[in-house]
Every structure is written in structure tokens, then in C-alpha cells.
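Now for the letters of each chain:
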Amino acid sequence: YDHFIIFELASFYEVNKKYLDAVELYKQAISIEPNYILAHYNLSLLYKKLGNKKESIVEYKTMLKIKGKYLLKDAISDYERRLIDCLLFNEIKRKL
């Protein structure tokens, strides 16, 4: 559960505009749990906010790959699946 705590701390830093600290903590959460979809997603958005488009795309693609793998295996809860779908829908809607 360490990755959850680190993720929450990263989110706290991001909300408080300590973006570089947040990046490092999201990366740390991912290093503990490489398939942590929400950490990849938040890191992707944070990289985008910081103007690092290349890293943002890498993290987003990683998140989509993990999402596809887990949806096939039913390894994530219905809540997590709905949350991810909602986040993706909102991201796509913003691009339109």
C-alpha cells in the first residue's frame, strides 16, 4: 500500500503547485507498482501542464496499455474501470 500513500502525497503536492516534487513522487509510486494506472494518468497530465509533451504522451500510452491489459483480465475493480473511463472521456472531450 506504500504506492497509494505516495500517490496521495504526489496529488497533494500537485494541488499545492509543487509540480517537480509531485513528478518525483508519481514516478516513485510507479516504481513500486508499475501498473498503477492512475499514477501514470496523473503523471501524464502533469507533464502536459509542465510543457513536456513527449513524456506526457509516453505516460498516457503506458496508461492505455495497462488499462487494456487489465480490462481483459478483470484485474481492476468496477469503480476503477469507471473512473478511468470517465477520465479518458473528459480528456477526449476537452480535445474536441
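On a predicted model such as this, the values are computed, not experimentally measured, just so you know.

(A) Local environment of the side chain of His3. With respect to the secondary-structure elements, His3 resides in helix 1 (residues 2–15). Aside from chain neighbours lying at most four places away, what touches His3 is Ala29, Ile32, Glu33 and Tyr36.

(B) Inspection of the packing of helix 1 against helix 2 (residues 19–32) at higher detail. With their axes 8 Å apart at the nearest point, helix 1 and helix 2 run at an angle of 165° to one another. As far as their axial angle goes, helix 2 and helix 1 are roughly antiparallel. Seen from above, helix 1 lies across helix 2 with left-handed handedness. Taking contact as the criterion, the partners of Asp2, His3, Ile6, Phe7, Leu9, Ala10, Ser11, Tyr13 and Glu14 in helix 1 are, on helix 2, Tyr19, Asp21, Ala22, Leu25, Tyr26, Gln28, Ala29 and Ile32. Of the residues in the contact of helix 1 with helix 2, the class split is eleven nonpolar, three polar and three charged.

(C) Region of interest: the pattern of salt bridges. Taken as a whole and judged by the stated rule, the model has one salt bridge. The shortest N-O distance in the salt bridge between Glu24 and Lys27 comes to 3.6 Å. With a gap of three residues between them, Glu24 and Lys27 both fall in helix 2, about one helical turn apart. Glu24 sits in the partly exposed class, given a relative accessible area of 45%. The class for Lys27 is partly exposed, based on a relative accessible area of 37%.

(D) Layout of the confidence of the model for the chain. Per-residue pLDDT for the chain has a mean of 83; in total, 76% of the residues score no lower than 70. Within the chain, no element has a lower average pLDDT than helix 5 (residues 78–95), which sits at 66, and none a higher one than helix 2, at 97.

(E) Local environment of the packing of helix 1 against helix 3 (residues 37–49). Contact geometry of helix 1 with helix 3 gives a least axis separation of 11 Å together with a crossing angle of 20°. Between helix 1 and helix 3, the crossing angle belongs to the class labelled roughly parallel. Crossing handedness for the pair helix 1 and helix 3: left-handed. Contacts between helix 1 and helix 3 involve Phe7, Ser11 and Glu14 from the first element and Leu38, Ala39, Asn42, Leu46 and Lys49 from the second. Considering only residue class, the contact of helix 1 with helix 3 consists of four nonpolar, two polar and two charged.

Cut-offs used in this document
Residues numbered from 1 in each chain as written. Predicted model: local features only at pLDDT ≥ 70, side-chain atom pairs only at ≥ 80, totals over all residues. Heavy atoms only, no water. Helix = DSSP H or I, 4+ residues; strand = E, 2+ residues; numbered from the N terminus. Contact = heavy atoms within 4.5 Å. Axes fitted to C-alpha atoms, helices over the stretch in contact; angles between N-to-C directions. Parallel < 35°, antiparallel > 145°, perpendicular 65-115°, else oblique. Left-handed = near helix turned anticlockwise from the far one by under 90°. Nonpolar A, V, L, I, M, F, W, Y, C, P; charged D, E, K, R; others polar. Salt bridge = Lys/Arg side-chain N within 4 Å of Asp/Glu carboxyl O. Buried < 20%, exposed > 50% of the residue type's maximum accessible area, 1.4 Å probe, protein only. pLDDT = per-residue confidence, 0-100.

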